[in-house]
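Each chain is listed here by its residues.
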Amino acid sequence: MKYYPVHSGYPSYARVNRVIESAFAEHGRGNVQMPPKVYVTFGKTGDFRTMPAYLPAAGIAGVKIVNVHPNNRAHGLPTVMALTVIIDVDTGLPTALINATDLTALRTGAAGAVAARHLSPRRSSISLGLIGAGRQAAAQVEAMAAAFTLDEVRVWSRNEKTAAALAARYADYNARPVSIERACDSDVLAATTPSREPLVMAGWVHEGTHINAIGADAPGKQELDPAILLRAEVFVDDREQAIHSGEVNVPVRTGFYDPAMIAGTLGEVVIGKKGRSSPDAITVFDSTGLAIQDLAIASLVLEDGEGCELPFP
């Protein structure tokens, strides 16, 4: 078995976007094995999840273990940390252990870019609005920049210094801190916060907007005014996961939103089975994060990297 620390030399977003798109296509065709992620909670401090999958088209199987501890910054640790174990399909032998902390951000950013490329009515250049200015907001910018020309990046955060710092980092894309209403007035909007109450109000979102709802990845989290979901065509990465822990989880649980209203999965969109109904429609991609995304990006690490030998068994 080899350990891949992956501290540098990350695959490019052009490559990551491509393999993530292919993984979603396989999901849309029903060609993957992927049980819903399992949560283990630690009260108010956080949780960890296990995410197993088999992606036959890439010949890869394995499981990711990932935590989410929102207060970790106070301890000098990332909010999200992850390890992926790759399993040999023929023997069950663990063949690789991959540091997936940064890869998790990359593959989630790529999912947002894939969703925007297939669901936004704008095909070449876009304005990008960001709700939140943390690691995943940066991933959304970089993944989008590999798929579109970014005319402007509008950044809002509860922390004005954080918003200003992210805007300065992406000054080449005409990034600037703005009000939340102005951030929502964008061609593509990415919400990336851990909020448990709506931040994006229905009246701030115009026709034709595509929204990546990224932050809601556990029960009780939500970033969007539920009224947006009633106006929008909602596409999920996985139905069961989205109903349990995605942007729709709270509106479904309260009876405000009927799961039957979900328009389809991103995989179905990628293979052309589903899609937005018109250029004026509002579309939402409800992203919870799929284990097949982790396998897809792991395949690039195994292709590129030189791991350190670990004795096993």
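Residues numbered from 1 in each chain as written. Predicted model: local features only at pLDDT ≥ 70, side-chain atom pairs only at ≥ 80, totals over all residues. Heavy atoms only, no water.

This next bit is on the overall build of the chain. What the chain contains, in helices and strands, is ten helices and 15 strands. Based on the C-alpha atoms only, the size of the chain along its principal axes is roughly 60 × 40 × 40 Å. Buried residues in the chain amount to 56% of all 313 residues. Considering only contacts in the chain between residues 6 or more positions apart, those separated by 24 or more positions represent 69%. Accessible surface computed for the chain: about 13,000 Å², of which carbon and sulfur atoms make up 53%. With 28 positive and 33 negative side-chain charges, the chain shows a spacing of 2 Å between the two charge centroids. (Helix = DSSP H or I, 4+ residues; strand = E, 2+ residues; numbered from the N terminus. Buried < 20%, exposed > 50% of the residue type's maximum accessible area, 1.4 Å probe, protein only. Contact = heavy atoms within 4.5 Å. Areas by Shrake-Rupley, 256 points an atom, 1.4 Å probe, with all protein chains shown as cover. Lys, Arg positive; Asp, Glu negative; His and termini not counted. Charge placed at Lys NZ, Arg CZ, Asp CG, Glu CD.)

This part covers the sheet that holds strand S3 (residues 47-55). Strand order in the open sheet formed by seven strands is S2-S3-S4-S5-S6-S1-S15, and the pairing between neighbours is mixed. Edge positions in the sheet fall to strand S2 (38-41) and strand S15 (308-309), since each of these pairs with one other strand and no more. (Pairing = 2+ DSSP bridges.)

All right, on to helix H1 (residues 13-29) then. With 17 residues, H1 extends 24 Å between its outermost C-alpha atoms, agreeing within 8% with the 24 Å of an ideal straight helix rising 1.5 Å per residue. Of the positions making up H1, those classed as buried are Tyr-13, Val-16, Asn-17, Ile-20, Glu-21, Ala-23, Phe-24, Ala-25, Glu-26, His-27 and Gly-28. Of the residues trailing H1, Gly-30 is marked for its positive phi of about 80 degrees. (Expected span 1.5 Å × (residues − 1).)

Let's shift gears to the UniProt feature "active site" (unreviewed entry) in the chain. Sites flagged by UniProt as "active site" (unreviewed entry) map to Lys-64. With respect to the helices and strands, Lys-64 occurs in strand S4 (residues 60-68). Judged by its relative accessible area of 2%, Lys-64 falls in the buried class. Excluding its chain neighbours within four sequence positions, the residues that come into contact with Lys-64 are Arg-49, Thr-50, Met-51, Ala-82, Leu-83, Thr-84, Ala-100, Thr-104, Arg-107 and Asp-294. (UniProt positions renumbered as here; feature names shortened; annotations may be inferred.)

Right, let's get into the UniProt feature "binding site: NAD(+)" (unreviewed entry) in the chain. Taking the UniProt record as the reference, the feature "binding site: NAD(+)" (unreviewed entry) is found at Arg-107, Arg-135, Gln-136, Gly-215, Ala-216, Asp-217, Lys-221 and Ser-287. None of the other annotated residues line the largest pocket; only Arg-107, Arg-135, Gln-136, Gly-215, Asp-217, Lys-221 and Ser-287 do. Along the polypeptide, Arg-107 turns up in helix H2 (residues 101-119). The contacts of Arg-107, once residues within four sequence positions are left out, are Val-16, Ile-20, Met-51, Lys-64, Gly-289, Leu-290, Gln-293, Asp-294 and Ile-297. Within the element layout of this structure, Arg-135 appears in helix H3 (residues 135-145). (1 Å grid on protein atoms, 1.4 Å probe; cavity = no way out; pocket = protein on both sides within 12 Å on 5 of 7 lines; lining within 4 Å.)

At the junction of Phe-312 and Pro-313, the peptide bond is cis and its omega measures out at 0 degrees in the coordinates. Residue position: Pro-313 is located in the segment after S15. Even without glycine at this site, Asn-174 takes up a positive phi of about 55 degrees. One can find Asn-174 in the loop between helix H4 (160-169) and strand S9 (175-177).

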